[in-house]
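A closer look at the structure
For reference, the chains in residue letters:
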Amino acid sequence: MAKVTIDGQTIEVPDGTTILQAARMIVDDKNYTGVNIAPPTMCYHSKLKTSGGYCRTCIVKVTKGSEKDPRPMPKPVASCRTTVMDGMEVVNLTSPEVLESRKAVVEFLLINHPLDCPICDQAGECHLQDLGYEHGLAKTRYDFKRRTFNLIDIGPYIKLHMTRCIMCFRCIKVADQITDGRYQGMLFRGDASEISTYISKAIDNDFSGNVIDVCPVGALTDRTFRFKSRVWFTKPMDAHRNCTKCKGKVSIWLKGDEVLRVTGRKDQWGEVQDWICNECRFEKKHVNDWVIEGPTHIDRHSVISANHYENLSSLKLDIGKQQKQLNKK
Amino acid sequence: MQLTNRSKVVVKKEMTLAERLYIPAIFSGMIITFKHLFRKKVTIQYPEQTREVSKIWRGQHVLKRDEIGAERCTACGLCAVACPAEAITMIAAERKPGEEHLYREEKYAATYEINMLRCIFCGDCEEACPKEAIFLTDRKVESLYTRAELVYGKDILVEAIEKDKRVDVTVRETPEVAEFKAHKEFGHNTVFENKKN
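Predicted model, so just to flag it, every value in this text is computed and none were measured.

Focus on the overall build of chain A
What chain A contains, in helices and strands, is 7 helices and 14 strands. Here chain A holds 329 residues, and 38% of them are scored as buried. Sequence separation of 24 or more characterises 63% of the internal contacts of chain A that already satisfy a separation of 6 or more.

Have a look at this one:
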């Protein structure tokens, strides 16, 4: 066990835990009432092995290396890849230096990212949008032409906007670890690198749709949902069905009786809890295909909660119950 | 139970003789009436006369086109989410190859409706618009006979494609906005095109 202090909050964690995981453990603790001290992440995904270490959004400062060697680490470190040591002291939000460097990281991420949020289907649930809103500047200092790519259809269901990609490698990890036959990867190097199937070849795979859920930006989007609706006009509901391929536990995004989109259920860090299969994701588009459990909770800071679907649906349920009770009398 | 001290006990008082004659009361009323005859009139003879309005008076909306005549609206839904009266609805569609002169970006509003009965003309839609597409103009929304007629669609809202029939909204551009747009680094309204296939 190692004792680690992050922003003044101390926790004991097993050896081998990363700083990021320790910070999340602190926030997850039921007795914890403070602010969210967990660093934001773009490339780290808790369900994907070896993810993280590419985007550097989660950088923190280690002010005390460990009990045995109390020297601070010379530079900010990526908290998703740095494991804790006993007696380690870390600063995240309390350090202006960390916030300043994170701002610089966001500026770098946004250099080639197009400002096409009004068109993008991810807008409203985009991690880069949140990050830019929290740390970014309203203007860009970049004067050169942004890189552009052709739109690629990866199969009948997935659209790849390479222009929006921030090179987080999450989709490649999904292809490696979740699906049987890997069908996409990173081509070329450095500034010229891009994610592609190279010959635009689509390989049918039952779990290939999960790349949409792990994509932190709008680079990989659902073609069946393309331009159907803005996410904040739909009502996310937890639902399930008996599926032979996956657990069948999903969030469905409703507009009336129509299921506009099916996604995996995401936890509070915006990471998918269970992988779902393509049949659930792309083919079950009617409300009768699903058993609805109740509204998916969305953080009230999200624009999606502007829809007030949670209050409305609970109200509806209560009214129905009351009506039944009234009828009995 | 007494809740406040503001309740007044009503008493029906017997009127005095002067009050029962009513003549003083009639005269005091008449004096007020005649005084108003010689005052400046507060009414105007609409429609022959119209009242002066502010330069940035908020009337009927317009959906603008850009320099080449393509619709600026990309159906991003920010006006609808900003609308406190929930008057705006839209359905988006994808632009097909060859429609570049009609729609500015790869997504456009296939239908765009504003319910003028719900609209409170607050101008929040205009403020929310990231594409400088929707503006409120000094035109008045006419009164019509049915409710359905007052749900304005794209046929009424989108301005004419001819240059001389465009709706002028330059008065609504505040010095702050002009100053903001002068900076290249903000670049909020440039079109980010994907490579042409």
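Considerations on the pairing of strand E11 (residues 235-240) of chain A
Residue and element names in this part refer to chain A. Relative to strand E12 (residues 249-255), E11 runs antiparallel, the two sharing 6 bridges. Bridge assignment links aspartate 238 to a residue of E12, and that residue is serine 251. Relative to strand E14 (residues 291-295), E11 is paired through 4 bridges, and the arrangement is antiparallel. Its bridge partner being in E14, methionine 237 is matched across the sheet by proline 295.

So, unusual backbone geometry
Glycine aside, residues mostly have negative phi, and peptide bonds are mostly found in the trans state. The amide bond that connects B:Tyr46 to the next residue, B:Pro47, takes the cis arrangement and shows omega of 5°. Relative to the elements of secondary structure, B:Pro47 occurs in the loop between helix H2 (23-37) and strand E1 (61-63). With a phi close to 50°, A:Asp7 is a non-glycine residue in the positive phi region. With respect to the element layout, A:Asp7 can be found in the loop between strand E1 (2-6) and strand E2 (9-13). Judged by the 19 C-beta atoms lying within 10 Å of it, A:Asp7 falls in the partly exposed class. Of note in the backbone geometry, A:Phe227 takes a positive phi value of approximately 60° without being a glycine.

Considerations on the sheet that holds E12(A)
All names here are of chain A. If you walk across this open sheet you meet the 4 strands as E13-E12-E11-E14, and the pairing is antiparallel. In the strand order of this sheet, the two ends are held by strand E13 (258-264) and E14, each with one partner. Strand after strand, the sheet turns through a mean of 40° between neighbouring axes, direction not considered.

So, H2(B)
Every α-helix carries 3.6 residues per turn, so stepping three or four residues along brings you back to the same face. Compared with an ideal rise of 1.5 Å per residue, which puts 15 residues at 21 Å, H2(B) spans 21 Å between its outermost C-alpha atoms and is within 8% of the ideal. The buried fraction of H2(B) amounts to 0 of the 15 residues, a small share that puts the element mostly on the outside.

Considerations on the sheet that holds strand E7 (residues 158-161) of chain A
Residue and element names in this part refer to chain A. The strand order across the open sheet built from 3 strands is E6-E7-E10, with neighbouring strands paired in antiparallel fashion. If you trace the sheet from one side to the other, it starts and ends with strand E6 (151-154) and strand E10 (220-222), each paired once. Averaged over neighbouring strand pairs, the angle between their axes works out to 30° when direction is ignored. Pairing geometry for E6 and E7, over 4 bridges, is antiparallel. The partner of aspartate 153 across the bridge, within E7, is lysine 159.

Rules used in this analysis
Residues numbered from 1 in each chain as written. Chains lettered and ligands numbered in written order. Predicted model: local features only at pLDDT ≥ 70, side-chain atom pairs only at ≥ 80, totals over all residues. Helix = DSSP H or I, 4+ residues; strand = E, 2+ residues; numbered from the N terminus. Buried ≥ 20, exposed ≤ 12 C-beta atoms within 10 Å, placed from the backbone. Contact = placed C-beta atoms within 7 Å. Pairing = 2+ DSSP bridges. Axes fitted to C-alpha atoms, helices over the stretch in contact; angles between N-to-C directions. Expected span 1.5 Å × (residues − 1).

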